[in-house]
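Spelled out, the chains give:
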Amino acid sequence: MTDPRTTPVPGRVRSDVAHNARVWNHWLGGTDNYPVDRAVGDRVTGMYPSIGEVARADRAFLGRAVGYLAGEAGIRQFLDIGTGLPTADHTHEVARRTAPDCRVVYVDNDPAVLAHARALLAGSPQGATEYVDADARDPERILRAARPTLDLERPVAVLLLGILNFVLDTAEARRIVRTLMDAVPSGSHLVLTHPTLELGGEANEAAMRFWNENATPPITARGRAEFAAFLTGLDLVEPGIVSCAHWRAGPGAVRVAQFGAVARKP
């Protein structure tokens, strides 16, 4: 893993403005971040102390969801949009513990993420892992770029973890989901997480305001009804829409203000 503190800054990277992928990496204990990311991240933590728990719960949810999909659901193709800079247990790693032939396409448009991905995803003896430089707001481009790796005539798991909250217009966010899910066949799955001011997240409102004034991209929270609308026409996998920390988790999991759900296209 590269360390921005000792690695030259790529031309497109703004090291003077905090960016979500790098701040999230900081909350997860990673090193792929700059001083401005740590400063903003620590300020947000001061305003909303459970944000680190949210980040860790979201990451753990990914592991459980992908493990379920590659195992019980029999999914062998994954389209992970807004992958960011995780510190461990990437989608392809989790999936291939169960099924080494899984094919994974990651999508992000942050240059620091791209540089990290090129090093991380160098070769694999089984399956296929590719990276697409694209914005989540352009699902048509994402689908075109994914086709050389993924067979869109066979079921695909579409992952949108903590990404629709950066699409401020809810109608646009719903269009993105609809375009992606219309392009994949029956048996495909949608995996979502999204921050909310419900589930005990009311204190996050001021932190989100601070974020939008000091970092990029801007963020929004959504309620349960708005989150559920993203899943219209799909069959929820048990336990349905819950705090992502509680989705198929063991006893004692602490609830966080982040919805999580997995749903199947009938």
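Caption draft 1: Broad picture of the pattern of salt bridges. Under the definition given, this model contains five salt bridges. The closest approach of N and O atoms between Arg248 and Glu72, which form a salt bridge, is 3.6 Å. With a gap of 176 residues between them, Arg248 in the loop between strand S9 (242–243) and strand S10 (258–264) and Glu72 in the loop between helix H3 (51–70) and strand S2 (77–81) connect regions that are remote in the sequence. Under the relative-accessibility criterion, Arg248 is labelled partly exposed at 36%. Asp135 is the partner of Arg137 in a salt bridge, and the nearest nitrogen-oxygen pair spans 3.4 Å. Accessibility expressed as a relative area gives 26% for Asp135, which makes it partly exposed.

Caption draft 2: Structural view of the pairing of strand S6 (residues 189–195). Counting buried residues along S6, seven of its seven residues qualify, which places the element largely inside the surrounding structure. Taking every second residue as pointing to the same face, both faces of S6 are buried, with His189, Val191, Thr193 and Pro195 on one and Leu190, Leu192 and His194 on the other. Of the pairings in the sheet, the one linking strand S5 (residues 157–161) to S6 comprises five bridges and is parallel in character. Looking at the pairing, Leu161 lines up with Thr193 of S6.

Caption draft 3: Region of interest: the side chain of Arg222. Inspection of the secondary structure puts Arg222 in the loop between strand S7 (215–216) and helix H9 (224–229). Among residues more than four places away in sequence, those in contact with Arg222 are Leu164, Asn165, Val167, Leu168, Asp169, Thr170, Ala173, His194, Pro195, Thr196, Phe230 and Phe259.

Caption draft 4: Fine view of the nonpolar core. Phe78, Leu79, Ile81, Leu160, Leu190 and Leu231 are the most contacted members of the largest nonpolar core, which has 80 residues in total. If one sorts the elements of this core by residue count, H3 sits on top with 11 residues. Apart from the residues lying within four places of it in its own chain, the contact partners of Leu160 are Ile81, Val177, Leu180, Leu190, Val191, Leu192 and Thr193.

Caption draft 5: Looking closely at the environment of Asp58. With respect to the element layout, Asp58 can be found in helix H3. Overall, the relative accessible area of 6% leaves Asp58 in the buried class. Residues within four places of Asp58 in sequence aside, it is in contact with Trp24, Leu161, Gly162, Thr193, Cys244 and Gln258.

Caption draft 6: Examining the packing of aromatic side chains more closely. Within this structure, the stated rule accounts for four aromatic pairs. For the ring pair Phe61 and Trp247, a centre distance of 5.6 Å and an interplane angle of 80 degrees mean the geometry is edge-to-face. On the criterion of sequence distance, the pair formed by Phe61 in helix H3 and Trp247 in the loop between S9 and S10 is long-range, its members being 186 residues apart. One exposure class covers both Phe61 and Trp247, and it is buried.

Caption draft 7: Representation of the layout of surface pockets. Estimates place the volume of the largest pocket at around 740 Å³. As for the largest pocket, its lining consists of 42 residues, and the residues nearest its centre are Asn20, Gly162, Ile163, Asn165 and Phe166. For the lining of the largest pocket, the secondary-structure elements that each account for two or more residues are helix H1 (20–27), H3, S2, strand S3 (103–108) and helix H8 (204–214). Counting residues per element, the lining of the largest pocket draws most heavily on H3, which supplies five residues.

Cut-offs used in this document
- Residues numbered from 1 in each chain as written.
- Predicted model: local features only at pLDDT ≥ 70, side-chain atom pairs only at ≥ 80, totals over all residues.
- Heavy atoms only, no water.
- Salt bridge = Lys/Arg side-chain N within 4 Å of Asp/Glu carboxyl O.
- Helix = DSSP H or I, 4+ residues; strand = E, 2+ residues; numbered from the N terminus.
- Buried < 20%, exposed > 50% of the residue type's maximum accessible area, 1.4 Å probe, protein only.
- Pairing = 2+ DSSP bridges.
- Contact = heavy atoms within 4.5 Å.
- Core = buried A, V, L, I, M, F, W, Y, C linked by side-chain atoms within 4.5 Å.
- Phe/Tyr/Trp six-rings, centres within 6.5 Å; stacked < 30°, edge-to-face > 60°.
- 1 Å grid on protein atoms, 1.4 Å probe; cavity = no way out; pocket = protein on both sides within 12 Å on 5 of 7 lines; lining within 4 Å.
- Points joined across faces, edges and corners; volume = space filled by probe spheres on them.

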